[in-house]
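The chain contents come next:
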Amino acid sequence: MAKKPRTYEGGCLCGAIRYTVTAEPEFPHICSCTMCRRWSGAPTTAWVEFPLANFRWTGPGGEPRYFRSSKKSQRGNCPKCGSAICVVDDGYDNISLVMGSLDRPNLIVPDVQHSYKSFRPKWWHPEVGNAKAG
Ligand SMILES: [Zn+2]
Ligand SMILES: [Zn+2]
C-alpha cells in the first residue's frame with residue numbers, strides 16, 4: 001500500500017503568495033543556468049516539482065505574476081515583494097517550485113543532479129545529495 005503523501009507549504013517573503021501541495025516531490029535538483037541565476041539572484045537555484053493537479057495557491061495575493069522567460073515557460077514571482085516562486089512550462093503537468101520558498105526547507109533534499117553546473121560562478125561549490133531529509 002502506498003504511503004500517504006505529506007503536505008508541503010510555502011510562499012513569498014511578504015506572505016501575499018502562499019501555496020499548499022499534497023503529493024510526492026519529484027526531481028528535486030539544483031540548477032546554475034544563467035536564467036535561474038538572473039531570475040533568482042542566487043548563484044544556484046534549488047528546484048522541486050509537484051503535480052499541478054495536487055497544487056493550490058492559498059495566499060491573499062492569489063497567483064504569482066508571470067514572466068515569459070522562454071518560448072515554452074513562465075517564471076512566477078510575487079507581484080508585491082518580488083520573491084521568486086515557480087516555473088510553469090506550457091503543456092506540462094508539473095509545477096516547479098523554488099525550494100527556498102518552502103516553509104520547511106529540510107523536508108526535501110535535492111538529488112545529485114546539478115543542471116548547468118559549469119555555468120556556476122567558479123567560487124561557488126554547492127554539494128548536494130549527501131544529506132538526509134528531516
Ligand atoms: Zn510577496
Ligand atoms: Zn536553471
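What comes next concerns the included structure. Remember, predicted model here, so these are calculated numbers, not experimental data.

## Side note on the pairing of strand β6 (residues 65-70)
Turning to step 1, where the next piece is worked out: Note that β6 and strand β7 (residues 73-77) share five bridges and pair antiparallel. Paired with R68 across the bridge in β7 is Q74.
Turning to step 2, where the next piece is worked out: In textbook terms, the turn of a hairpin is the stretch between consecutive antiparallel strands, and for β6 and β7 this stretch comprises two residues.

## Concerning unusual backbone geometry
Turning to step 1, where the next piece is worked out: The backbone phi angle of F27 is positive, close to 50 degrees, even though this residue is not glycine.
Turning to step 2, where the next piece is worked out: Assignment of secondary structure puts F27 in strand β3 (residues 26-31).

## Considering the coordination of the zinc ion (ligand 2)
Turning to step 1, where the next piece is worked out: At the metal site, the zinc ion (ligand 2) is ligated by C31 (SG), C33 (SG) and C36 (SG), and these contacts range over 2.2 to 2.3 Å.
Turning to step 2, where the next piece is worked out: Judged by its relative accessible area of 7%, C31 falls in the buried class.
Turning to step 3, where the next piece is worked out: On the basis of relative accessibility, which here comes to 3%, the residue C36 falls in the buried class.

## Some details on the coordination of the zinc ion (ligand 1)
Turning to step 1, where the next piece is worked out: Protein coordination at the zinc ion (ligand 1) comes from C12 (SG), C14 (SG), C78 (SG) and C81 (SG), with a distance range of 2.3 Å.
Turning to step 2, where the next piece is worked out: Its four donor atoms give the zinc ion (ligand 1) angles of 107 to 113 degrees at the centre, a pattern that matches the tetrahedral case.
Turning to step 3, where the next piece is worked out: Read from N- to C-terminus, the donor residues coordinating the zinc ion (ligand 1) fall into the pattern C-x1-C-x63-C-x2-C. Of the two residues, C12 is situated in the loop between β1 (7-11) and β2 (18-22) and C78 in the loop between β7 and β8 (84-89); the sequence distance between them amounts to 66 residues.

Here is what the cut-offs are and how they apply
Residues numbered from 1 in each chain as written. Chains lettered and ligands numbered in written order. Predicted model: local features only at pLDDT ≥ 70, side-chain atom pairs only at ≥ 80, totals over all residues. Heavy atoms only, no water. Pairing = 2+ DSSP bridges. Helix = DSSP H or I, 4+ residues; strand = E, 2+ residues; numbered from the N terminus. Donors = N, O, S within 2.8 Å, 3.2 Å for Na, K, Ca; no water. Buried < 20%, exposed > 50% of the residue type's maximum accessible area, 1.4 Å probe, protein only. Tetrahedral: all angles 85-135°; square planar, octahedral: opposite > 155°, others 65-115°.

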